[in-house]
Amino acid sequence: MDHAPCPRSARRRPTGRALRATVAALAAGIAVACSAAAPVAPPAPDPPAVAQLVARTTGDGAYTHLQALAGITQANGGNRATGGPAYDASADHVAAVLRDAGFDVSTPTFVVERDGRRGEYRNVVAQTRTGDPRRAVMAGAHLDSVRRGLGMDDNATGVASLLEIATRMGGSPPVTRAVRFGFWGAEETDYEGSRDYVDSLSGNETPVFYLNLDMVGAPNAGYFVQGASGGPDGSATVAADLTRRFVALGVTPDPMDLDGSSDYDPFVNAGIPSAGLLAGDSEHKSADQARRWGGEQGEVFDRCYHSACDDLTNVDRLALDRFTDVAAGTLARFASTGDLP
Ligand SMILES: [Zn+2]
């Protein structure tokens, strides 16, 4: 697929007629090429610490975490279904990586009762030792997979992206708000892991927002940002920051509703501002989307969604890189500055 970067000349800020034409195109909702990126400038430049974190955070680093999760999953039965050996081994791995990076790590348990059987499982939650824990910014991804396949795009990509951000950030970054990461079990059944976590929060543990990553490496990648409308107050502010970061990378993302189909759902229901990132699943890429993002029009974003072929070859590394950079920037920005609503 063609993910050619913007030509250098297109990165210049357009002036005069070019600028007016671009603004008009944007106002009309017309898909515009990467040269349109400049007018959608950030409202304020990122503080140096944010820019440095984004620069340190790489797709290669995220991919290394993805490979580790693939190896653990392969060696423990081939899927990370909640309660299976690969889920447990992955939870141990994620907790160890975050402890080694200096985070305060806990593995709160939750109970699932189904068909008369009772299971007790773990989420993994990590928080920086710096910043106000009563005003934490939070990102999360589900760690479990369906029983069929390694669950690489769904959702080792989200986990790998957050591990890359967390390890580059370290457990004691210079932030005013604490940064918290959640890795959820049982998303693939009924979001029991994230739901139990949200139910367990006391008032001063409630994060100021929650950012969800679920499938951020679809091989026929799309770029979707959830939260621009319909979410609790403040969701749109987070979604707008995510969107402008994609635009700065030369990618115009599409807005998508917080439609209740991933772990942001319990957060939304609790009134916590929420946003989500995904590269698409079983929907088909339109001609307009293929023009803006490359890839194959008329084909699904992830042809291996919930299938045995969701392995390491089922991941678009450029998409993983972009989603990781965008999530890192938004998390670090709102951890560092006061410009939340
Ligand atoms: Zn998923």
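Details of the structure are given in the entry above.
Residues numbered from 1 in each chain as written. Predicted model: local features only at pLDDT ≥ 70, side-chain atom pairs only at ≥ 80, totals over all residues. Heavy atoms only, no water.

1. Observations regarding the state of the cysteines
Then step 1. Within this structure, the stated rule accounts for 1 disulfide.
Then step 2. Here Cys304 connects covalently by a disulfide to Cys309, the sulfurs 2.0 Å from one another. As the torsion about the S-S bond is roughly -110 degrees, the Cys304-Cys309 disulfide counts as left-handed. (Disulfide = S-S within 2.5 Å.)

2. Points about the pattern of salt bridges
In a structure, side chains of opposite charge can pair up when their charged atoms sit close to one another.
Then step 1. The full count for this structure, using the stated rule, is 17 salt bridges.
Then step 2. A salt bridge links Arg114 to Glu192, with the nearest nitrogen and oxygen atoms 2.4 Å apart. Highlighted residues: Arg114 in strand E2 (residues 109-114) and Glu192 in helix H7 (residues 192-200), separated in sequence by 78 residues.
Then step 3. Under the relative-accessibility criterion, Glu192 is labelled buried at 16%.
Then step 4. A salt bridge links Arg245 to Asp241, with the shortest nitrogen-to-oxygen separation between them at 2.7 Å. Of this pair, Arg245 and Asp241 are both found in helix H8 (residues 235-248), 4 residues apart, which corresponds to roughly one turn of the helix.
Then step 5. Residue Arg245 is classed as buried on the basis of its relative accessible area of 9%.
Then step 6. When its relative accessible area of 5% is taken as the criterion, Asp241 is described as buried.
Then step 7. Salt bridges sharing common partners tie together Asp46, Asp241, Arg244, Arg245 and Arg333. (Salt bridge = Lys/Arg side-chain N within 4 Å of Asp/Glu carboxyl O. Helix = DSSP H or I, 4+ residues; strand = E, 2+ residues; numbered from the N terminus. Buried < 20%, exposed > 50% of the residue type's maximum accessible area, 1.4 Å probe, protein only.)

3. A word on the coordination of the zinc ion
Each donor-metal-donor angle in an ideal tetrahedron of four donors is 109.5 degrees, and each such angle in an ideal octahedron of six donors is either 90 or 180 degrees.
Then step 1. With distances of 2.0 to 2.8 Å, the protein atoms coordinating the zinc ion are His142 (NE2), Asp154 (OD), Asp214 (OD) and Asp214 (OD).
Then step 2. Of note, the zinc ion draws all its donor residues from one chain, in the sequence arrangement H-x11-D-x59-D. Taken as a pair, His142 in strand E5 (residues 132-142) and Asp154 in helix H5 (residues 152-169) lie far apart in primary sequence, 12 residues in all.
Then step 3. Accessibility expressed as a relative area gives 0% for His142, which makes it buried. (Donors = N, O, S within 2.8 Å, 3.2 Å for Na, K, Ca; no water.)

4. Things to note about the pairing of strand E3 (residues 117-122)
Consecutive side chains of a regular strand alternate in pointing toward one face of the sheet and then the other.
Then step 1. Where E2 meets E3, 6 bridges bridge the pair, whose relative direction is antiparallel. The residue of E3 that forms the bridge with Val112 is Gly119.
Then step 2. Counting the residues in the hairpin turn of E2 and E3 gives 2 residues, including Asp115, whose phi is positive at 55 degrees. (Pairing = 2+ DSSP bridges.)

5. Section: H8
Then step 1. For H8, built from 14 residues, the straight-helix expectation of 20 Å at 1.5 Å per residue is met to within 8% by its first-to-last C-alpha distance of 20 Å.
Then step 2. Buried within H8 are the following residues: Ser235, Val238, Ala239, Asp241, Leu242, Arg244, Arg245, Phe246 and Val247.
Then step 3. Residues of H8 that are buried sit in contact with strand E7 (209-213), strand E8 (224-226), strand E10 (274-278) and helix H11 (317-336).
Then step 4. Positioned one or two residues after H8, Gly250 has a phi angle of 90 degrees, which is positive. (Expected span 1.5 Å × (residues − 1). Contact = heavy atoms within 4.5 Å.)

6. A short note on unusual backbone geometry
Then step 1. Omega for the bond connecting Asp154 with Asn155 falls within 30 degrees of zero, at 5 degrees, which places this linkage in the cis form.
Then step 2. Take Asn155: it is sitting in helix H5.
Then step 3. One non-glycine residue with positive phi stands out, namely Asp115, at about 55 degrees.

7. Some remarks on the nonpolar core
Then step 1. Within the largest apolar cluster, 68 residues are counted, with the highest numbers of intra-cluster contacts made by Leu98, Phe181, Phe183, Phe209, Leu211 and Leu277.
Then step 2. Per element, the largest residue contribution to this core is 10 residues, and it comes from H11.
Then step 3. With sequence-adjacent residues up to four places away left out, Phe181 is seen in contact with Phe103, Val124, Val125, Ala126, Met138, Ala139, Leu162, Ile165, Ala166, Met169 and Leu331. (Core = buried A, V, L, I, M, F, W, Y, C linked by side-chain atoms within 4.5 Å.)

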